[in-house]
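Residue-level listing of the chains:
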Amino acid sequence: MREIRVRFSKTDRCKYISHLDLNRCMARALARARIPLWYTEGYNPHPYMSFSLPLSLGVESRCESMDIRIVGEMANAEIKRRLNDALPDGIRITDIYDDFRDSGEIAFSDYVFRLEFNDNASAFEKIKEALGSERITVEKKAKQGRRRVVKETDIKPLIDEYSLSIKDNGIVLNARLAAGNSKNLNPALLLDTLIKLTGLDYEWKNITRTALLDKDYKIFK
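Notes on the structure in this doc start here. (Residues numbered from 1 in each chain as written. Predicted model: local features only at pLDDT ≥ 70, side-chain atom pairs only at ≥ 80, totals over all residues. Heavy atoms only, no water.)

For the rest of this paragraph, the subject is the side chain of Asp110. Positionally, Asp110 belongs in strand S5 (residues 108–116). Here Asp110 falls in the buried class, since its relative accessible area comes to 15%. Within the structure, the side chain of Asp110 is placed 2.6 Å from the side chain of Arg176, a separation counted as a polar contact. The contacts of Asp110, once residues within four sequence positions are left out, are Ala175, Arg176, Thr208, Arg209, Thr210, Ala211 and Leu213. (Helix = DSSP H or I, 4+ residues; strand = E, 2+ residues; numbered from the N terminus. Buried < 20%, exposed > 50% of the residue type's maximum accessible area, 1.4 Å probe, protein only. Polar contact = N/O pair within 3.5 Å; in protein donor to acceptor, adjacent residues only side chain to side chain. Contact = heavy atoms within 4.5 Å.)

The following block contains the structure:
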């Protein structure tokens, strides 16, 4: 038995597949591809599958990963070929390897936000002002005893760095956000907050996760 990491992209319509449905999709693809999986022991055996950092619904990614355990001598190149033949358009296996790091080392995620507004120049200035403010406050639902309360949280410290530009008739925001077990900023929450602060409605949007990094800003693999 050996454990391997499967890196894949999730784009186009597949960005609307939830994490739970992605688990089912991958399990079915592994079965159709006849990958010799290692199964847990016990009353209800199931294949071992572990995802490094679940992706938000509606967000594309070029750097997803799934760990599985296999038995036998099937080569990684053959596993990649079989899985790509079994997966739907929008999910592509990009790499498979044996030597990889623990997902607990993830500290940051890089995202590209692409937005279009009726007036991009005005939207650019408002988003720039919102990002440059000392605090970016959001309201989050929480529990206080048995009661549900709404608490204000400053997400500005969770934005490690960013750049903003106007390209191809739209606005491009590149942002490095806190990610992982201890601190994590949902990119959809950031976008919704910026839109609320600017008081604007976008005509089109797209969010893509481009990289996962450790605390030293090295690519996580």
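As a further point, take the nonpolar core. Within the largest apolar cluster, 29 residues are counted, with the highest numbers of intra-cluster contacts made by Phe113, Phe117, Ile127 and Leu190. Broken down by secondary-structure element, the contributors of at least two residues to this core are S5, helix H3 (120–132), strand S8 (159–167), strand S9 (170–178) and helix H4 (187–198). Excluding anything up to four places from it in sequence, Phe117 contacts Ala123, Ile127, Ile171, Ile195, Leu200, Asp201, Tyr202 and Glu203. (Core = buried A, V, L, I, M, F, W, Y, C linked by side-chain atoms within 4.5 Å.)

To continue, consider the environment of Met26. When you line up the elements, Met26 lands in helix H1 (residues 19–32). Along the sequence, Met26 and Leu83 sit 57 residues apart, while their C-alpha atoms lie 8.8 Å from each other. In contact with Met26, not counting residues within four places along its chain, are Phe8, Met49, Phe51, Met66, Leu87 and Ile91.

Further remarks concern H3. Across its 13 residues, H3 extends 18 Å between first and last C-alpha, which sits within 8% of the 18 Å expected from 1.5 Å per residue. Residues of H3 that are buried include every one of Asn120, Ala123, Phe124, Ile127, Ala130 and Leu131, and no others. On an axial view of H3, the arc spanned by its buried residues comes to 135°, and they lie on one face. Counted as exposed and oriented over 90 degrees from the buried face of H3: Glu129 and Gly132. Looking at the buried residues of H3, the elements they touch are S5, S8, S9 and H4. Backbone nitrogen of Ala121 and a side-chain oxygen of the N-cap are separated by 3.3 Å at the start of H3; the cap is Asp119. (Expected span 1.5 Å × (residues − 1). Arc of directions from axis to C-beta.)

This brings us to the packing of aromatic side chains. Summed over the entire model, instances satisfying the criterion amount to three aromatic pairs. Each ring, one from Phe8 and one from Phe51, has its centre 6.5 Å from the other, and the planes form 85°; the classification is edge-to-face. Of the two residues, Phe8 is situated in strand S1 (residues 2–10) and Phe51 in strand S2 (residues 49–51); the sequence distance between them amounts to 43 residues. Residue classification places Phe8 among the buried positions, given a relative accessible area of 1%. Among the residues examined, Phe51 registers a relative accessible area of 14% and is labelled buried. An angle of 50° between the planes, with centres 6.3 Å apart, marks the rings of Tyr111 and Phe113 as tilted. (Phe/Tyr/Trp six-rings, centres within 6.5 Å; stacked < 30°, edge-to-face > 60°.)

It is worth spelling out H4 at this point. Given a rise of 1.5 Å per residue, 12 residues ought to cover 16 Å, and the 17 Å separating the end C-alpha atoms of H4 matches this to within 8%. The set of residues buried in H4 consists of Pro187, Leu190, Leu191, Thr193, Leu194, Ile195 and Thr198. With a side-chain oxygen positioned 2.8 Å from the backbone nitrogen of Ala188, the residue opening H4 is Asn186. Within two residues after H4, Gly199 carries a phi angle of roughly 70°, on the positive side.

For S5, the buried fraction is high: seven of the nine residues fall into the buried class. Summarising the sheet, S5 and S9 pair through eight bridges and their orientation is antiparallel. If you follow Leu115 over to S9, its bridge partner there is Ile171. Sheet topology places S5 next to strand S10 (residues 204–213); nine bridges connect them, and they run antiparallel. (Pairing = 2+ DSSP bridges.)

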